[in-house]
Amino acid sequence: MPGRVARLLLGALFGAFMLFLYGPTLTITILSFQGPDGGLTFPMNGVSLHWFGRLFQPQAVGDLGAAMTRTLLLAAMVTATTVVVSLAAGMAFRRRFAGSTVLFYLTVASLIVPSLLVSLGIGLMFNLMEWEPAWYSSAFGAQLTWTLPFGLLIMFAVFNRFDRSWEEAARDMGATPWQSFWHVVLPIIAPSVVGIALFGFTLSFDEFARTLLTAGSGNTLPLEILGMTTTVTTPVLYALGTVSTAVSFLVIGGALIGMRLMRKRRGI
Amino acid sequence: MRADVELISVTKRYGAAIAVDGISLAIPPASYCCLLGPSGCGKTSTLRMIAGHESISAGDILLAGRNVTDLAPVERGTAMMFQSYALFPHLTALENIAFGLRMRGVGKPERLAKAGEYLRLVQLEKMADRLPAQLSGGQQQRVALARALITRPKVLLLDEPLSALDPFLRGQMREELKRLQRELGITFIHVTHGQEEAMALSDIAVVMDHGRIAQAAPPREIFERPASAFVARFIGGHNVIRLDSGRYAIRTDRSWLAPGEGTPGLPGRVTAVEYQGPVVRVVLALADGQSAEAVLPDAHYHAAPVAPGDAASLGWEAQDAHPLPEDA
């Protein structure tokens, strides 16, 4: 047990950390309820839902609805691809194959290469090939360079702890490799697969640097917000921040509740 | 009589290392066979090759006269119970047992009813809806047993099935395994490193060492006539002593002790005395440097007790000295 002074110091440090972490989000959330005549800063000029209403009306600058749709669609595509590919790759990497080490390092390297360079590279390549960059092609690929290595690393951790005798037992009882995957492997690792999906979704949802130079003409939400910060001077931005934070919490909360229900059904 | 399981010069190599070195063995029908030996002797590799979970480097395996060397586990008519049980954590006890039938496309009501029967066979009918995590070690093992048996194997393979249980449960499960084997009338092949377990269970015990079979015989024969010094030492309860006329295995419970200097027998000095209830174990350092022990009935010991450091001689009846070959 640390002494009195140490505890005070540690407490203060923790308090500062919490303030640093959640202070900005909290400030923006409070300011998004600014009255109709209020500005971008304190003091609050009344309390209203005015800016949330404005969010869904046509903006002078930017098209939030379309950006939001693009972002959600892209996130869904990235999530699905990440889950399928990292699951398959995780299964493949359980045994050594020719070039497995090289492939692994190549995959993980894209976590280390600065995001903006990845983005620039993909943008340039599309330019050279005279393809039209778009959120569903070039930005999709750029985001995958970010989410796939993460998914694969999680899969490695999962299969490290996976007892191979489960599969042997399934095989012993006459399961084909496909049956063994479907009825044994997949249900056992399901929670981790959900984890990868959540991870992929969140990484994609607020991805910025890799999307910046690859999104083409249709902005994703983070890009649209960046564009708006320079021109829009109303708390409608804050309302947007509050809404997207709420969406994130809803997705994570939904996944947690879903997992708990699944576990309850299994009676753990 | 045709053997249920026959191994013909079966060899397993891992790269340059030889795990199983050309072993041949015939196991008679409906017998309880224990593969016994220290770790690394090749017993588990042998079991896994019979199960079809390990490829065979050379040789053949015949089950009921049929060559199964290249067949998948399910085509062999074997079932395996894994050391860690390998119960599927996401399925209930009943669903675990029904798994084999499910893979064969048996309908749900039918397979669950059948699984219920096997759950009764292992006396766990109240635990049908429990998940493996909610079962004790002994219960998990019974589920694993039922799950292996439901496919109606001709040979049941058990990989160290009792090693994870506490001593009390181990004894109980041992009786149960033997009862099941008798009632089902099929062959059980059971891998263990415990000689006590092998003695208690087997009709035929196979003692293995360095990938070879040191001796395969009924346990009584192994105990009374060990084929080598290794077998005598591994099976326990023997002194392996070199005399002028050669090497002998002498049962420690047939050895007796004559306290004092110059008494008849091999002279030595007591180095340890262990009280074990019905018997007392006395360890001797013989004058010629060999070590030996005598397990004496408690009444005999207390009639003439010895303490570490005392002089004593070790003796035995001539017919109790079992000659051993020189090599091993």
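Thresholds, definitions, all that
- Residues numbered from 1 in each chain as written.
- Chains lettered and ligands numbered in written order.
- Predicted model: local features only at pLDDT ≥ 70, side-chain atom pairs only at ≥ 80, totals over all residues.
- Heavy atoms only, no water.
- Helix = DSSP H or I, 4+ residues; strand = E, 2+ residues; numbered from the N terminus.
- Buried < 20%, exposed > 50% of the residue type's maximum accessible area, 1.4 Å probe, protein only.
- Contact = heavy atoms within 4.5 Å.
- Areas by Shrake-Rupley, 256 points an atom, 1.4 Å probe, with all protein chains shown as cover.
- pLDDT = per-residue confidence, 0-100.
- Core = buried A, V, L, I, M, F, W, Y, C linked by side-chain atoms within 4.5 Å.
- Salt bridge = Lys/Arg side-chain N within 4 Å of Asp/Glu carboxyl O.
- Polar contact = N/O pair within 3.5 Å; in protein donor to acceptor, adjacent residues only side chain to side chain.
- Nonpolar A, V, L, I, M, F, W, Y, C, P; charged D, E, K, R; others polar.
- UniProt positions renumbered as here; feature names shortened; annotations may be inferred.
- Expected span 1.5 Å × (residues − 1).
- Arc of directions from axis to C-beta.
- Pairing = 2+ DSSP bridges.
- Axes fitted to C-alpha atoms, helices over the stretch in contact; angles between N-to-C directions.
- 1 Å grid on protein atoms, 1.4 Å probe; cavity = no way out; pocket = protein on both sides within 12 Å on 5 of 7 lines; lining within 4 Å.
- Points joined across faces, edges and corners; volume = space filled by probe spheres on them.

### Some thoughts on the overall build of chain B
Logical step 1: Secondary structure assignment for chain B yields 10 helices and 18 strands.
Logical step 2: C-alpha atoms of chain B, sized along the principal axes, occupy 80 × 45 × 35 Å.
Logical step 3: Across the 328 residues that make up chain B, the buried fraction comes to 53%.
Logical step 4: Relative to all contacts within chain B whose residues are 6 or more apart in sequence, the contacts with residues 24 or more apart total 64%.
Logical step 5: Looking at chain B as shown, the accessible area adds up to about 14,400 Å², and 51% of this sits on carbon and sulfur atoms.

### Some thoughts on the confidence of the model for chain B
Logical step 1: Within chain B, residue pLDDT values average 90, and 99% of them lie at 70 or more.
Logical step 2: The least confident element of chain B is strand 13 (residues 256–259) of chain B, whose mean pLDDT is 87; the most confident is strand 3 (residues 32–36) of chain B, at 95.

### Regarding the nonpolar core
Logical step 1: Core analysis: the largest hydrophobic core is formed by 51 residues, its most contacted members being A:Ile189, B:Phe88, B:Phe99 and B:Ile189.
Logical step 2: Here the element with the most residues in this core is helix 8 (residues 177–205) of chain A; it accounts for 7 residues.
Logical step 3: Setting aside chain neighbours within four positions, we find B:Phe99 in contact with A:Ala170, A:Met173, A:Ala175, A:His183, A:Val184, B:Phe88 and B:Leu91.
Logical step 4: Formed by 48 residues, the second largest nonpolar core is a distinct cluster that contains B:Leu101, B:Met127, B:Leu145 and B:Leu158.

### Let's talk about the pattern of salt bridges
All names here are of chain B.
Logical step 1: What the rule picks out here adds up to 17 salt bridges over all chains.
Logical step 2: Salt-bridge contacts for Glu 196 lead to Arg 174; the nearest nitrogen and oxygen are separated by 3.9 Å. Within this pair, whereas Glu 196 is found in helix 7 (residues 195–201), its partner Arg 174 is found in helix 6 (residues 167–184), the two being separated by 22 residues in sequence.
Logical step 3: Classification of Arg 174 by relative accessible area gives partly exposed; the value is 22%.
Logical step 4: As a salt-bridge pair, Glu 274 and Arg 281 come within 2.9 Å of each other at their nearest N and O atoms.
Logical step 5: A residue is classified by how much of its surface remains accessible, and Arg 281, at 22% relative accessible area, is partly exposed.
Logical step 6: A cluster of three or more residues bridged by salt bridges with shared partners is formed by Arg 142, Glu 176, Arg 179 and Glu 183.

### Let's talk about the side chain of B:Ser202
Residue and element names in this part refer to chain B.
Logical step 1: Relative to the assigned elements, Ser 202 resides in the loop between helix 7 and strand 9 (204–209).
Logical step 2: Classification of Ser 202 by relative accessible area gives buried; the value is 8%.
Logical step 3: Non-local contacts of Ser 202, meaning those with residues more than four positions away in its chain, are made with Tyr 32, Cys 34 and Pro 219.

### A closer look at the interface of chain B and chain A
Logical step 1: Facing 25 residues of chain B, the contacting portion of chain A comprises 19 residues.
Logical step 2: Put simply, chain B and chain A have 1 salt bridge between them.
Logical step 3: Residue A:Glu168 is joined to B:Arg48 by a salt bridge in which the shortest nitrogen-to-oxygen separation is 2.6 Å.
Logical step 4: In this assembly, chain B and chain A are joined by 10 residue pairs in polar contact (both at pLDDT 80 or more).
Logical step 5: Contributions of two or more residues to the side of chain B that touches chain A are made by helix 1 (43–51), helix 2 (73–76), strand 6 (78–81) and helix 3 (93–103) of chain B.
Logical step 6: Looking at the side of chain B that touches chain A, the element that brings in the most residues is helix 3 of chain B, giving 4 residues.
Logical step 7: Residue composition of the side of chain B that touches chain A, by class: 13 nonpolar, 8 polar and 4 charged.

### Topic: the UniProt feature "domain: ABC transporter" (unreviewed entry) in chain B
Logical step 1: As recorded in UniProt, the sites labelled "domain: ABC transporter" (unreviewed entry) are residues 5–235 of chain B.
Logical step 2: Measuring from the first to the last C-alpha atom of residues 5–235 of chain B gives 24 Å, for a span that is 39% helix and 26% strand.

### Focus: helix 4 (residues 100–112) of chain A
Residue and element names in this part refer to chain A.
Logical step 1: With 13 residues, helix 4 ought to run about 18 Å at 1.5 Å a step, and its terminal C-alpha atoms sit 19 Å apart, in line with that.
Logical step 2: Regarding helix 4, the residues found buried are Ser 100, Val 108 and Ser 110. Buried residues of helix 4, seen end-on, are gathered within an arc of 140° and therefore sit on one face of the element. For helix 4, exposure combined with an orientation more than 90 degrees from the buried face picks out Val 102, Tyr 105, Leu 106 and Ile 112.
Logical step 3: Of the surrounding elements, those touching the buried residues of helix 4 are helix 6 (138–160) and helix 9 (209–212).

### Remarks on the sheet that holds strand 10 (residues 212–217) of chain B
All names here are of chain B.
Logical step 1: With mixed pairing, the 6 strands of this open sheet are ordered in space as 6-7-8-3-9-10. The strands lining the two open edges of the sheet, one partner per strand, are strand 6 and strand 10. For this sheet, the mean inter-axis angle between neighbouring strands, taken without regard to orientation, is 20°.
Logical step 2: The sheet contact formed by strand 3 and strand 8 (residues 187–192) spans 5 bridges and is parallel. Its bridge partner being in strand 8, Tyr 32 is matched across the sheet by Phe 188.
Logical step 3: Strands strand 3, strand 7 (155–159) and strand 8 of the sheet are contacted by helix 6, whose axis makes an angle of about 155° with strand 8.

### Digging into the layout of surface pockets
Residues and elements named next belong to chain A.
Logical step 1: Considering only enclosed or pocket space, the largest pocket measures out at about 560 Å³ in volume.
Logical step 2: For the largest pocket, the lining is made up of 22 residues, of which Asp 206, Ile 225, Gly 241, Ser 244 and Thr 245 are closest to its centre.
Logical step 3: Counting residues per element, the lining of the largest pocket draws most heavily on helix 11 (residues 236–266), which supplies 10 residues.
Logical step 4: Residues of the lining of the largest pocket, tallied by class, amount to 12 nonpolar, 9 polar and 1 charged.

### Considerations on empty space enclosed by the protein
Logical step 1: Going through the model one piece at a time under the given rule, you end up with 2 cavities of 30 Å³ or more.
Logical step 2: Put simply, the largest cavity is a space of about 70 Å³.
Logical step 3: Along the walls of the largest cavity sit A:Ala169, A:Asp172, A:Met173, B:Ala79, B:Met80, B:Met81, B:Phe82, B:Tyr85, B:Ala144, B:Arg147, B:Ala148 and B:Thr151, which together make up its complete lining.
Logical step 4: Of all the elements in the fold, those that place two or more residues in the lining of the largest cavity are helix 7 (164–172) of chain A together with strand 6 and helix 5 (137–149) of chain B.
Logical step 5: Of the residues in the lining of the largest cavity, the class split is 9 nonpolar, 1 polar and 2 charged.
Logical step 6: Approximately 50 Å³ is the volume attributed to the second largest cavity.

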